[in-house]
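Residue-level listing of the chains:
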Amino acid sequence: MNETELILAIESSCDETSVAVIENGEKILSNIVASQIKSHKRFGGVVPEVASRHHVEQITICIEEALNEANVTAKDLRAVAVTYGPGLVGALLIGLSAAKAFAWANGLPLLPINHMAGHIYAARLVEPLEFPLMALLVSGGHTELVYMKENGSFEIIGETRDDAAGEAYDKVGRVLGLNYPSGKEIDELAHQGSDTYNFPRAMMKEDNFDFSFSGLKSAFINLTHNAEQRGEVLDHNNLAASFQASVIDVLVAKTIRACKTYPVKQLIVAGGVAANQGLREKMSSTIESEVPEVKLIVPPLRLCGDNAAMIGAAAHVELQKHHFAGMSLNANPSLAFQHI
């Protein structure tokens, strides 16, 4: 069956309104992203009410743009896919409402997609996935190691006990007086400094695949506050480098151990923090020296953040399995994968 499968995908889980048209789960015909960073910057974080309002303003414009850019009409589509969790409930509901309305008006089936599955499937837009595989998901709200035996099967083997890696970056960025979101700036500063402060590497030696970043965050805040009280000026480049080295060392060590413990062919690093240059460099060199038989796939920068193309890639699998949703589909802000 060589018929082209086109899916319209909608993503609105946080502060990006995005709509894409994806062909056969692997080719991007369009991927429109309306970012809200400027609106949230002055608050130093995402304000849910502001995010929802922006989604309302942008969603229909994004749908039209995605169809125009892909040069398709509703008649060419096979299904409509939408993120239904995890995320901000108000933001998710806007995308869900738009997806349901579009699907109903055009007689198309509705596919419910897990936002985190989307991040993993962003890798499928780079190259075909080979199972079993391991995925390190690192974003603002999540840090978890997910083992996949086959398409559509997600098992958490390790996760953060407290802060996600991205959360730690944003909190440290605030202490350093950087703009929100501060991950990119910390990464840039880190490349100009060195690890002189030697922050703790939490749970690095423990016999599990879990993470913890709240101790690191506290150590960072305490160090800077104490210096401030003594009128001491700390080197921001070295602070950033020390913080980043601590996060990356733990992420890489645990992920490599997971790849040695489970029989995997590929390792996917996905989510917003996957855009981090330091993480990409260290993971790449360590995989090469420790588990050279495992193929590392990191999506390009534009597919690391929230976008609808990744939702369309994940939707291809759900469509093949006929995992359709009814019009009663609701948002599930705390949707999660199962634990092993």
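Keep in mind it's a predicted model, so treat the numbers as computed, not measured. (Residues numbered from 1 in each chain as written. Predicted model: local features only at pLDDT ≥ 70, side-chain atom pairs only at ≥ 80, totals over all residues. Heavy atoms only, no water.)

Enquirer: Help me out: how do you make sense of unusual backbone geometry in this one?
Expert: Geometrically, the link from F131 to P132 is a cis peptide bond, its omega value of -5° lying close to zero. Position of P132 relative to the elements: it lies in the loop between α4 (115-121) and β6 (133-138). Of note, the bond from Y180 into P181 is cis; its omega dihedral lies within 30 degrees of zero at -10°. Relative to the helices and strands, P181 resides in the loop between α5 (165-175) and α6 (183-190). Backbone geometry at N24 places phi at a positive 50°, although glycine is not the residue there. (Helix = DSSP H or I, 4+ residues; strand = E, 2+ residues; numbered from the N terminus.)

Enquirer: Explain the domain arrangement of the protein to me, please; I cannot follow it from the model alone.
Expert: Where interface size is given, it is often the accessible area lost as the parts come together that is meant. Its domain assignment divides the protein into domain 1 (6-122 + 303-339) and domain 2 (130-298). For domain 1 and domain 2, the distance between their C-alpha centres works out to 27 Å. Tallying the contact residues gives 19 residues for domain 1 and 25 residues for domain 2. Carbon and sulfur atoms supply 68% of the area that domain 1 and domain 2 bury against each other, a total of about 1,800 Å² over both sides. Taken together, the links from domain 1 to domain 2 amount to zero salt bridges. (Domains from an automatic or database assignment. Contact = heavy atoms within 4.5 Å. Buried area = accessible area lost by both parts, 1.4 Å probe. Salt bridge = Lys/Arg side-chain N within 4 Å of Asp/Glu carboxyl O.)

Enquirer: How do you make sense of the sheet that holds strand β5 (residues 110-114) when you look at a structure like this?
Expert: Two orientations exist for strands paired in a sheet by backbone hydrogen bonds: parallel and antiparallel. Here five strands make up an open sheet; going across it, the order is β3-β2-β1-β4-β5 and the pairing mixed. The open sheet has two edge strands with one neighbour each: β3 (27-35) and β5. The average undirected angle you get between the axes of adjacent strands in this sheet is 20°. Relative to strand β4 (residues 79-85), strand β1 (residues 6-11) is paired through four bridges, and the arrangement is parallel. Directly across from I10, in β4, lies its bridge partner V82. Each of β1, β2 (16-23), β3, β4 and β5 touches helix α10 (residues 308-320); the most contacted strand, β1, lies at about 125° to it. (Pairing = 2+ DSSP bridges. Axes fitted to C-alpha atoms, helices over the stretch in contact; angles between N-to-C directions.)

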